[in-house]
Each structure stands twice: as structure tokens, then as C-alpha cells.
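Survey of secondary and tertiary structure
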Amino acid sequence: PGIYICAKCGHELFSSHAKYEHSSPWPAFTETIHEDSVSKRKERPEALKVSCGKCGNGLGHEFLNDGPKRGQSRF
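None of the values given here were measured: they were computed from a predicted structure.

So, how was this worked out
Residues numbered from 1 in each chain as written. Predicted model: local features only at pLDDT ≥ 70, side-chain atom pairs only at ≥ 80, totals over all residues. Heavy atoms only, no water. Pairing = 2+ DSSP bridges. Helix = DSSP H or I, 4+ residues; strand = E, 2+ residues; numbered from the N terminus. Axes fitted to C-alpha atoms, helices over the stretch in contact; angles between N-to-C directions. Salt bridge = Lys/Arg side-chain N within 4 Å of Asp/Glu carboxyl O. Buried < 20%, exposed > 50% of the residue type's maximum accessible area, 1.4 Å probe, protein only. Contact = heavy atoms within 4.5 Å. Phe/Tyr/Trp six-rings, centres within 6.5 Å; stacked < 30°, edge-to-face > 60°. Core = buried A, V, L, I, M, F, W, Y, C linked by side-chain atoms within 4.5 Å.

The strand order E5-E6-E7 describes an open sheet built from three strands, whose pairing is antiparallel. The strands lining the two open edges of the sheet, one partner per strand, are strand E5 (38-44) and strand E7 (58-63). Geometrically, the sheet is characterised by an average inter-axis angle of 30 degrees between neighbouring strands, direction not taken into account.

What follows is the structure, given as C-alpha cells:
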């Protein structure tokens, strides 16, 4: 339990309350902890490239409509 932060700058990214089990080997989250936690840019129709909202460190992707509930995204 707790807050997941950027490894490079310590900016708050995700809360364990938004974490859920997914088949990928990485932690999966449904939402960021703050509106400015991450920045996003379109990489392909179903995925956005996600970076730390403070320092720009690469964090992976937001997969659109791939969350635990219909219409939710997965980080």
C-alpha cells in the first residue's frame, strides 16, 4: 500500500488504491494520483506514450479501453 513515484525525480504518479491485477508482468493502474502526474502523447490508436509529468522520465503506456471495467484505461 502506498504511493508510486517517479524513480528519477520522486513525483507522485499512482496510488495503490488504483492498482489491480493484470496479466502483464508490470503493475497496472486505472488512474493517476494527480491530474499532472503524467504527460501523454498519442503513439498509436489504442495506446498513449506516458511520461512523468514533472521530469519527462518514460513510464510506459496508457492502453485505452483495456482496464478492468468497460471504457477504463490501463496504465
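Right, let's get into the pairing of E5. Sheet topology note: the E5/strand E6 (residues 47-52) ladder contains six bridges and is antiparallel. Note that in E6 the partner of Arg44 across the bridge is Ala47. Turn length for the E5-E6 hairpin, with the two strands adjacent in sequence and antiparallel, is two residues.

Following the criterion strictly, the structure yields four salt bridges and no others. Arg44 serves as the salt-bridge partner of Glu46, at 2.9 Å between the closest nitrogen and oxygen. Take Glu46: its relative accessible area is 40%, and that puts it in the partly exposed class. Here Arg44 falls in the partly exposed class, since its relative accessible area comes to 32%. Between Arg74 and Asp66 there is a salt bridge, with the nearest N and O atoms lying 2.7 Å from each other.

This brings us to the side chain of Ser15. Mapped onto the fold, Ser15 is located in strand E2 (residues 12-15). Not counting residues up to four positions away in its chain, the partners in contact with Ser15 are Gly2, Ile3, Tyr4, Phe29 and Ile33.

It is worth spelling out the packing of aromatic side chains at this point. Overall, the coordinates contain three aromatic pairs when judged by the stated rule. Ring centres of Tyr4 and Phe29 lie 5.0 Å apart, and the angle between their planes is 70 degrees; on these two criteria the pair is classed as edge-to-face. Of this pair, Tyr4 sits in strand E1 (residues 3-5) while Phe29 sits in strand E4 (residues 28-29); the two residues are 25 residues apart in sequence, bridging distant segments of the chain. Note on Phe14 and Phe75: the rings are 5.5 Å apart at their centroids and 55 degrees apart in plane angle, and the pair reads as tilted.

What follows concerns unusual backbone geometry. Despite not being glycine, Asn65 shows a phi value in the positive range, around 55 degrees. Within the secondary structure, Asn65 sits in the segment after E7.

All right, on to the nonpolar core then. Cys6, Leu13, Phe14, Phe29, Val38, Val50, Cys52 and Phe75 form the largest nonpolar core, which has eight residues in total. Elements represented by at least two residues in this core include exactly E2 and E6. Setting aside anything within four residues of it in sequence, one finds Val38 in contact with Leu13, Thr32, Val50, Ser51, Cys52, Gly53, Leu59 and Phe75.

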